[in-house]
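Each chain, written out:
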Amino acid sequence: MLINMKEMLKVANENNFAVPAFNISSLPMLNGVFKKCEELKSPVIIAIHPDELSYVEDSFVKTIIDKANKSELPVVLHLDHGSSIKQVINAIKDGFTSVMIDASTFKFEENIEMTKKVVELAHSVDVSVEGELGTIGVDAGDEYGGSKDIQYTKPEDAKKFIDQTNCDSLAIAIGTAHGIYPENYVPKLKLDLLTQIKDLVKIPLVLHGGSSNPNAEIAEAVKRGINKINISSDIKVAFFKKCREVLKDNSLREPNAIYPACIEAMCEVVEEKVKLFESDNKAELFFQ
């Protein structure tokens, strides 16, 4: 069942759990995520970054929509880190039910102006909008945006931003970074800041850069009001680490011989995240 993210995160917000948003750019990964989430009865967000979309092309989006419509799970198809009106319009034409406009590196008023334009456009066709306020860290070479200079989200700015843009969810900066963190680097979330923001705003909050953070911190962030967490690097590392092991056997050439073990390795991470976010067995909430 394909729905927009406003509908999905409303349920998550009311029931205090977070929905996983998995960045997918291949059919084996897509099939694995769907199978595992169906097994765990977890709602799921399939996220695609514009760079990933340029690789998989529009036809892949049609495959996702077909799988979502045939699934008993609530599913959102989400454009991750759209950076322009053009990218948003193309995603809506493709059938995305949710879009993110990331103007977080712009000045505050410019971010509001651009997000407001996207909201007016997307809401006219029942597509939900995620904005971003503050900048999270970025690993070298990461494609998902961010900044070397982290700017934490200010609670009063979050309220003003939401009031003026009417966005449906807000990605906030409380100490995460995109990508896999460097060795010996220990991330630290500002959980008190999250609580301050949640006390001021009512819409669902989003955590980007959710890979590699300590599980205890992530679990606490969910308890304090995070309703969507983006996962990309963790599942891709698991998938391709196993792929490298499998391909040591030079006799293998068929995808159906190579990929099953890779999917299984990835799905171990998918299951860990779903249970950590407490979204398992939550699909039934959407049918009550």
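Residues numbered from 1 in each chain as written. Predicted model: local features only at pLDDT ≥ 70, side-chain atom pairs only at ≥ 80, totals over all residues. Heavy atoms only, no water.

Undergrad: Explain unusual backbone geometry to me, using residue names and the numbers behind them.
TA: Of note, Asn-16 is a non-glycine position whose phi angle comes to about 60°, a positive value. Along the chain, Asn-16 turns up in the loop between helix H1 (5–15) and strand S1 (19–23). Of note in this structure, His-81 is not a glycine but carries a positive phi near 55°. Following the sequence through the fold, His-81 ends up in strand S3 (residues 75–82). (Helix = DSSP H or I, 4+ residues; strand = E, 2+ residues; numbered from the N terminus.)

Undergrad: Now, about the pattern of salt bridges: what can you tell me, with residues and values included?
TA: Under the criterion given, the structure shown has 14 salt bridges. Between Lys-117 and Glu-113 there is a salt bridge; the shortest N-O distance is 3.7 Å. Taken together, the residues Lys-117 and Glu-113, both in helix H5 (residues 108–123) and 4 residues apart, mark about one turn of the helix. One salt bridge in this structure joins Lys-228 and Glu-130, with 2.9 Å as the shortest N-O distance. With Lys-228 in strand S10 (residues 226–231) and Glu-130 in strand S5 (residues 128–133), this residue pair connects regions lying 98 residues apart in the sequence. Overlapping salt bridges, with partners in common, bring together Lys-36, Glu-39, Glu-271 and Lys-275 in one network. (Salt bridge = Lys/Arg side-chain N within 4 Å of Asp/Glu carboxyl O.)

Undergrad: Outline the nonpolar core, listing residues and values.
TA: Counting 74 residues, the largest nonpolar core has Phe-22, Ile-24, Val-33, Ile-46, Val-99, Leu-170 and Ile-229 as its most contacted members. In terms of residue count, helix H10 (residues 255–276) provides more of this core than any other element does, 8 residues in total. In this structure Ile-24 touches Met-29, Leu-30, Val-33, Ile-46, Ala-47, Ile-48, Glu-52, Phe-60 and Ile-235, once residues within four positions along its chain are discounted. If you look at the next biggest cluster of nonpolar residues, it comprises 12 residues, including Met-5, Met-8, Ala-21 and Ile-45. (Core = buried A, V, L, I, M, F, W, Y, C linked by side-chain atoms within 4.5 Å. Buried < 20%, exposed > 50% of the residue type's maximum accessible area, 1.4 Å probe, protein only. Contact = heavy atoms within 4.5 Å.)

Undergrad: Residue-level account of the sheet that holds S1, with values.
TA: Here we have 8 strands rolled up into a closed barrel, ordered S1-S2-S3-S4-S5-S7-S9-S10, and parallel in their pairing. For this sheet, the mean inter-axis angle between neighbouring strands, taken without regard to orientation, is 25°. The strands touched by H5 within the sheet are strand S4 (98–101) and S5, with S5 carrying the most contacts at an inclination of about 170°. (Pairing = 2+ DSSP bridges. Axes fitted to C-alpha atoms, helices over the stretch in contact; angles between N-to-C directions.)

Undergrad: How would you sum up the UniProt feature "binding site: Zn(2+) 1" (unreviewed entry) in the protein chain? Please name residues and give values.
TA: UniProt tags His-81, His-178 and His-208 as "binding site: Zn(2+) 1" (unreviewed entry). With respect to the helices and strands, His-208 occurs in the loop between strand S9 (205–207) and helix H8 (215–223). Among the polar contacts made by the side chain of His-208, one reaches the side chain of His-81 at a distance of 2.8 Å. (UniProt positions renumbered as here; feature names shortened; annotations may be inferred. Polar contact = N/O pair within 3.5 Å; in protein donor to acceptor, adjacent residues only side chain to side chain.)

Undergrad: Before we move on, can you summarise the packing of helix H2 (residues 27–40) against helix H3 (residues 50–70) with the specific residues and values?
TA: Between H2 and H3, the shortest axis-to-axis distance is 12 Å and the interhelical angle comes to 15°. On the basis of the axis angle, H2 is roughly parallel to H3. Considering only the axes of H2 and H3, their crossing is right-handed. Note on element contacts: H3 touches H2 through Phe-60, Thr-63, Ile-64, Lys-67 and Ala-68, opposite Leu-27, Leu-30, Asn-31 and Phe-34. Residue classes in the contact of H2 with H3 are distributed as 6 nonpolar, 2 polar and 1 charged. (Parallel < 35°, antiparallel > 145°, perpendicular 65-115°, else oblique. Left-handed = near helix turned anticlockwise from the far one by under 90°. Nonpolar A, V, L, I, M, F, W, Y, C, P; charged D, E, K, R; others polar.)

Undergrad: Explain the environment of Val-246 to me, using residue names and the numbers behind them.
TA: By the secondary structure assignment, Val-246 is in helix H9 (residues 233–246). Residue classification places Val-246 among the buried residues on the basis of a relative accessible area of 14%. Between the alpha carbons of Val-246 and Pro-260 there is a distance of 9.9 Å; along the sequence they are 14 residues apart. Here Val-246 is in contact with Leu-252, Ile-258, Ala-261 and Cys-262, once residues within four sequence places are set aside.

Undergrad: So what's going on with the packing of helix H6 (residues 155–165) against helix H7 (residues 191–200)? Which residues, and what values?
TA: The contact between H6 and H7 brings their axes to 9 Å, and the two run at 35°. Where H6 crosses over H7, the handedness of that crossing is right-handed. Here H6 contributes Pro-155, Glu-156, Ala-158 and Lys-159 to the contact with H7, which in turn contributes Leu-193, Gln-196, Ile-197 and Leu-200. A breakdown of the residues in the contact of H6 with H7 according to their chemical character gives 5 nonpolar, 1 polar and 2 charged.

Undergrad: Report on the UniProt feature "binding site: Zn(2+) 2" (unreviewed entry) in the protein chain, specifying residues and quantitative values.
TA: What UniProt calls "binding site: Zn(2+) 2" (unreviewed entry) maps, in this numbering, to Asp-102 and Glu-132. Considering the C-alpha atoms alone, the annotated residues occupy 31 residues of sequence yet fold into one spot, their largest mutual distance being 5.7 Å. Residue placement: Asp-102 occurs in the loop between S4 and H5. When near neighbours in sequence (up to four residues on either side) are disregarded, Asp-102 contacts His-81, Gly-82, Ser-83 and Glu-132. Looking at where Glu-132 falls in the secondary structure, it is placed in strand S5. Here Glu-132 falls in the buried class, since its relative accessible area comes to 3%. Dropping the residues within four chain positions of it, Glu-132 is found in contact with His-81, Met-100, Ile-101, Asp-102, Ser-104, Asn-111, Phe-161, Leu-170, Ala-171 and His-208.

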